[in-house]
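# Residue-level structure breakdown
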Amino acid sequence: MHVGELPLAERYTDHFAAAGIEELYPPQAAAVEGGVCDGQNLVCAIPTASGKTLVAQLALLSADGPGLYVCPLRALAREKYEEFAELPGVSAGIATGDYDSAAAELADHDVVVATSEKVDSAIRNRAGWIENLACVVVDEVHLLGSPGRGPTLEVTLATLRRRTDDPQVVALSATVDNPAAIAGWLDAELVESEWRPIELRTGVYADGLVTFDDGERRRLPSDETSEPADDTVATADLVDAAVADGGQALAFVRSRREAEELAERLAEERFAETAGIGMEAAAVAEELRQTGTTEQGRRLAEAAAWGVAFHHAGLRSDHRSTVETAFRDRELAVICATPTLAAGVNVPARRVVVRDQRRYTGSGTEWLPTLEVHQMAGRAGRPGLDPYGEAVLVGSPDSREELWERYVDADPEAVESQLRDRAALRTHVLAVVAAGFADSQAEILELLGETFYAHRTPNPDLGGVVGDVIAELIEAEFLAPVDEPGVELSATALGRQVSRQYVTPETGRRIVDGLRQIADRPADSVTPLTVLEVVCDTPDMDDTYLGNSERASLYQFARRHADELTTGMDEPDAFESWLESVKTARILLAWTEGASAEELVAEYRIGPGDLESRVERAEWLLGAAAALADVEGVSVPEITRLRGQL
Ligand code: ADP
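The rules we used
Residues numbered from 1 in each chain as written. Predicted model: local features only at pLDDT ≥ 70, side-chain atom pairs only at ≥ 80, totals over all residues. Heavy atoms only, no water. Pairing = 2+ DSSP bridges. Helix = DSSP H or I, 4+ residues; strand = E, 2+ residues; numbered from the N terminus. Axes fitted to C-alpha atoms, helices over the stretch in contact; angles between N-to-C directions. Contact = heavy atoms within 4.5 Å. Buried < 20%, exposed > 50% of the residue type's maximum accessible area, 1.4 Å probe, protein only. Arc of directions from axis to C-beta. Near = heavy atom within 4 Å. Polar contact = N/O pair within 3.5 Å; in protein donor to acceptor, adjacent residues only side chain to side chain. Areas by Shrake-Rupley, 256 points an atom, 1.4 Å probe, with all protein chains shown as cover. Nonpolar A, V, L, I, M, F, W, Y, C, P; charged D, E, K, R; others polar. Domains from an automatic or database assignment. Buried area = accessible area lost by both parts, 1.4 Å probe. Salt bridge = Lys/Arg side-chain N within 4 Å of Asp/Glu carboxyl O.

## Quick word on the sheet that holds strand β13 (residues 334-337)
Across the sheet, which stays open at both edges, the eight strands sit in the order β10-β9-β8-β17-β14-β11-β13-β12 with mixed pairing between neighbours. Looking at strand neighbours, the two that pair on one side only are β10 (217-219) and β12 (308-311), the edges of this open sheet. Shown here is a sheet whose adjacent strand axes are inclined to one another by a mean of 20°, direction ignored. For strand β8 (residues 200-206) and strand β9 (residues 209-212), the ladder comprises four bridges, and the chain directions are antiparallel. Paired with Val204 across the two strands is Thr211, which belongs to β9. Each of β8, β9, β11 (249-252), β13, β14 (351-354) and β17 (389-394) is contacted by helix α9 (residues 231-244), which is oriented at about 175° to β14, the strand it contacts most. Along the sheet face, helix α16 (residues 400-409) touches β8, β9 and β17 and points at about 160° away from the line of β8.

## Structural notes on the sheet that holds strand β5 (residues 135-138)
With parallel pairing, seven strands are arranged side by side in an open sheet as β3-β4-β2-β5-β6-β1-β7. The outermost strands of the open sheet, each flanked by one partner alone, are β3 (92-95) and β7 (189-192). Direction aside, neighbouring strands of the sheet carry axes that sit 15° apart on average.

## Concerning the environment of Ala282
Of note, Ala282 is situated in helix α12 (residues 278-291). In this structure, the C-alpha to C-alpha distance between Ala282 and Leu430, residues 148 residues apart in sequence, is 53 Å.

## Let's talk about α16
Turning to α16, its buried residues are Leu403, Tyr407 and Val408. Angularly, the buried residues of α16 cover 85° about the axis, an arc narrow enough to put them on a single face. Turned more than 90 degrees away from the buried face of α16 sit Glu401, Glu405 and Asp409, all of them exposed. Structurally, α16 contributes buried residues whose contacts are with β8, β16 (365-367), α15 (370-377) and β17.

## Focus: the side chain of His319
Position of His319 relative to the elements: it lies in helix α14 (residues 317-328). Given the relative accessible area of 3%, His319 is considered buried. Beyond its immediate stretch of four places on either side in the chain, His319 contacts Leu288, Thr291, Gly292, Gly297 and Leu300.

## Focus on the site of the ligand
In the vicinity of the ligand there are 13 residues, among which Glu23, Gln28, Ala49, Lys52 and Thr53 approach most closely. At 2.9 Å from a nitrogen atom of the ligand is found a main-chain nitrogen or oxygen belonging to Glu23. The contact in question runs from a nitrogen atom of the ligand to an N or O atom on the side chain of Gln28, over 2.9 Å. Relative to its unbound accessible area of 570 Å², the ligand is 74% covered by the protein chains. The class makeup of the residues in the shell around the ligand is five nonpolar, six polar and two charged.

## Quick word on the domain arrangement of the chain
Here the chain is partitioned into domain 1 (3-192), domain 2 (200-408), domain 3 (422-491) and domain 4 (505-645). Here the C-alpha centre of domain 2 lies 31 Å away from the C-alpha centre of domain 1. On the side of domain 2, nine residues touch domain 1, which itself brings 10 residues to the contact. Between domain 1 and domain 2, roughly 750 Å² of surface is buried when both sides are summed, and carbon and sulfur atoms account for 57% of that area. Its largest share of buried area at the contact with domain 2, domain 1 owes to Thr48, Leu76 and Glu79, together 46% of the area lost on that side. Counting across the domain 1 and domain 2 interface gives one salt bridge. Residue Arg328 pairs with Glu79 through a salt bridge whose shortest N-O separation is 3.4 Å.

## Re the pattern of salt bridges
Pairing is possible between side chains of opposite charge, provided their charged atoms come close. Throughout the structure, instances matching the rule amount to 49 salt bridges. Salt-bridge contacts for Arg350 lead to Asp245; the nearest nitrogen and oxygen are separated by 3.2 Å. Taken together, the residues Arg350 in the loop between β13 and β14 and Asp245 in the loop between α9 and β11 connect sequence positions 105 residues apart. Judged by relative accessible area, Arg350 falls into the buried class, the value being 8%. Across the pair Arg316 and Asp318 runs a salt bridge whose closest N-O atoms are separated by 2.6 Å. Classification of Asp318 by relative accessible area gives partly exposed; the value is 28%. Members of the salt-bridge network, linked through shared partners, are Arg201, Asp214, Glu216, Arg218, Arg351 and Glu390.

Set out below in structure tokens:
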């Protein structure tokens, strides 16, 4: 099907043609046949790079009213927003928490791109723009199965469908085992395809030999001279061959440290010279040097000068995006990354090498899910630039069979709802009551009856657990029983504020307890550290790793400041995790007192990106603390002061 045949205004079809999109890819044509331009709900489960963005654009451009594009990550939302903003005559808005359009303005846009948390928050705050949506596109809908994000995504979608006038829903998914289940839930047509614009070959390396799924076997050059290569040497050889052949490579490893070490090892290969990008790589290195002076930034710049970068969540976000853009522009030859890169923005490469297929858990290691490895492999092959894409899993004679079975032959996992998780239910039960969408257990159950969980579970029977959760929320003073005909429950002023501030009930409770303690203390024992300890000791603040060598000094610190803390040294059930919170509070305190990122990163051994995210979370949690202090009628000037200093 040619773009000219689409039922769209010519300015759009001209725009697509100018972007090189003339013939629709087969899954796109199937989406059109499935009714994506006619308001039909659709689930599109197709591989990376098979053109999901156009499917989304077709739905949003042909919808009879404003549209919403829901993304899991901010960086992805930004990427999509830029694509939508380029469409002629389309006014696009964005709501992600950092680059937001003004809330009042969102209603005026044709398309709003938002993270799922922002949409959830807008629904809870009964934002007007939500109610008029004609079309909702959900990207990466397979995240319904993710323990962290899944419950929010399904409750958000269920509420959106209920609150708005039956909008068209288009859900885009990676290839998963049960897309029909998602389609069934959304009353949607299903487009399922393995088609890719560029051939992908997957292989397993072991003992000097790569065996591909099309039967080809290839020996690595280094193996002719030496003993069978270890994982890192094999990875270097695989990367080397791809670059020598004119391509780029992504190498996935299990940890941040491994990503940095591998990049430094690969920098010795001087890929910038092999790839003929010496000047470009030097310019990227210079850019990185100018924007960051931490030890990590220096090492990143040094490796980048040789055409190699590392990429993980501990990097500053501007460094991450510099690396992504430079790689897309072929100014870098290789990225060594943790698996997070595979779930993020679009960075295709000719060859993907998955060196590590196991990751650390608290107590050992476990195999990565098939879906995750497929997403890494799916990054292989740049349409128009590479003749093919290749993904190679690095193994050994012992693991060869297992890797083959798990990742080459196996289908990805099915998407299963995580809604039964108690903490998730607590959050969502409070949210629906606080927003006024339900005022009895029966109504809560009716709403939850429209979730993916209820659709997937023959006899969902959430009554017992929802009853328990309601009792917990009453105990926490966030809900209160009401004795009126037809009404059982209402949210208290505290409960409404907790939900509006978008913190979990556990965090809300911890902050309220902290505020009450603060109110009872002599004013001179309340310091910025007191407030920071409260907000850092909540589940909504990320944990900060505490090394063995730091423990003693942190313990001393907590002891010295015991009078300022709201938790006694003998009180915490989980002492270790409380001590980690004190570490976070100490870092943030130093930050507000003017310490530089360089000093903090060096002294506390956290990544610059981790510091960035802790500061951002502290801003959010202090905002919540200020709002809850208002409800409690407690005045804590330190909160205001800290907010000004972060
Ligand atoms: P996905 O979201 O499925 O990973 P994208 O929508 O980002 O993939 O598309 C990948 C690339 O393919 C983009 O650069 C896009 O412009 C291009 N593309 C999409 N559809 C077509 C088409 N029909 N013809 C040519 N290029 C296309």
